[in-house]
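Observations on the model geometry
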Amino acid sequence: MNGEVFKRDPVFSLMVRAAALLGAATLPGAAAQALKPDPLGPLEGVRRFMTSFQPAAGEASLLAYARRERLDWPATQNLFTVQVHDAPNHYLEWRGHSALESAGPTFTTVRAATFLRAGQALLVLNREWCAAGQCQVRHVFAWQGAGAWKVVPEASVIPALRDEEFIVGRAPACLRGVTLGVQYLPARLGTTLNVLPLVPDTARRACEAAGVNLGTATRPVTLNWTVSVGKFRR
């Protein structure tokens, strides 16, 4: 299972975003900055991430832009025109766009949540950017606490997932032998992590040509935060 770089249908991406936003409180950038930082909250987690973030060449997300331009924390937040902060549920979602790239407007969504355990929290940070009908995704997992911050490997907190777990019934021909990507989306309510399968572009086009509906041929996997071990489990 490869979870680093993938492209997927932007329409599906928008549907997931809309679902995540239902019932959440939306704050303008200035108001968001006024929130008192919670050392175990996702807002503090994103801030800490930005202090050492080194974007790869070609990353077009707004977080990468902020880092390359050496923007301070308030200016970084103000790049996002929509900011959802759900402090009681340790969840945030930011959305913003820019027209700085040659490919045209780039839309960035940042989702972050923290999962608590004995005075510390595991941050799950998902950043996604979409341009010219294609999306790319990156993830970060890190332990944070009072004065502590440590990025950890995905495999240390996520169980091994087989591609077959994301397939409904028998795999269609267009997905046989295909290595799927994943996107980790923390739930706004509760302590679950939704793992969405990402089909590589070539396979997606082959499935479309064969009349295969990927929405019914694949399914997400839900993981549960297990406090006793500090990991997600099925």
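That block above? That's the structure.
The present account deals with the structure reproduced in this document. For every chain, the first residue of its written sequence is number 1, and the numbers climb from 1 along that sequence. Local features in this predicted model are restricted to residues whose pLDDT is 70 or higher, and side-chain atom pairs enter the listing and the counts only when it is 80 or higher, whereas totals over whole chains, interfaces and linings include all residues. Working from all heavy atoms in the structure, the side-chain values ignore hydrogens and water.

**A look at helix α6 (residues 201–209)**
Taken as a whole, α6 has its buried residues at Asp 201, Ala 203, Arg 204 and Cys 207. Along the long axis of α6, the arc covered by the buried residues comes to 160°, so they all point the same way. Facing away from the buried side of α6, by more than 90 degrees, are the exposed residues Thr 202 and Ala 209. Only heavy atoms matter for contacts: two residues are in contact if any of them lie within 4.5 Å across the pair. Here a strand is any run of E in DSSP of at least two residues, a helix any run of H or I of at least four, and the numbering for each starts at the N terminus. Each element contacted by the buried residues of α6 is listed here: β6 (134–145) and α7 (214–217). Looking one or two residues past α6, Gly 211 carries a phi angle of roughly 75°, positive in sign. Residue burial is assigned from relative accessible area. The probe radius is 1.4 Å, only protein chains are included, and a residue is buried under 20% of its type maximum, exposed over 50%, and partly exposed in between. To be clear, the arc concerns the directions from the helix axis to the C-beta atoms.

**Section: the environment of Thr 108**
Note on placement: Thr 108 falls in strand β4 (residues 104–117). By relative accessible area, Thr 108 is classed as buried at 1%. Put simply, Thr 108 and Arg 127 are 19 residues apart on the chain and 7.1 Å apart in space, counted from C-alpha to C-alpha. Setting aside chain neighbours within four positions, we find Thr 108 in contact with Ala 60, Ser 61, Leu 62, Phe 80, Trp 94, Arg 95, Gly 96, Glu 128 and Trp 129. Looking at Thr 108, its side chain comes within polar contact range of the main-chain nitrogen of Leu 62, at 3.0 Å. What qualifies as a polar contact is a pair of N or O atoms within 3.5 Å, subject to a donor-acceptor requirement within protein and to the restriction that residues adjacent in sequence count only when both atoms come from side chains.

**A short note on the sheet that holds strand β9 (residues 192–198)**
On the basis of which strands lie adjacent, the open sheet formed by four strands has the order β8-β9-β10-β11 and antiparallel pairing. Looking along the sheet, the strands with just one partner apiece sit at the ends: β8 (181–186) and β11 (231–233). Neighbour-to-neighbour, the strand axes of this sheet turn through a mean angle of 35°, independent of strand direction. When β9 meets strand β10 (residues 221–226), the two strands line up antiparallel, connected through four bridges. Bridging from a neighbouring strand, Leu 193 pairs with Leu 223 of β10. Between any two strands, at least two bridges found by DSSP are needed for them to pair. Note on method: axes are straight lines fitted to C-alpha atoms, helices fitted across the in-contact stretch only, with angles between N-to-C directions ranging 0 to 180 degrees.

**Details of the pattern of salt bridges**
We count a salt bridge whenever a side-chain nitrogen from Lys or Arg sits within 4 Å of a carboxyl oxygen from Asp or Glu. If you walk through the whole model with that rule in mind, you get 10 salt bridges. For Asp 86, the salt bridge goes to Arg 188, with nearest N and O atoms at 2.3 Å. Note that Asp 86 is positioned in strand β2 (residues 82–86) and Arg 188 in the loop between β8 and β9, a separation of 102 residues in sequence. Its salt-bridge partner being Arg 234, residue Glu 165 comes within 3.0 Å of it at the nearest N-O pair.

**Structural notes on unusual backbone geometry**
Within the chain, Ala 118 stands out as a residue other than glycine whose phi angle is a positive 45°. On the secondary structure map, Ala 118 appears in the loop between β4 and β5 (120–131).

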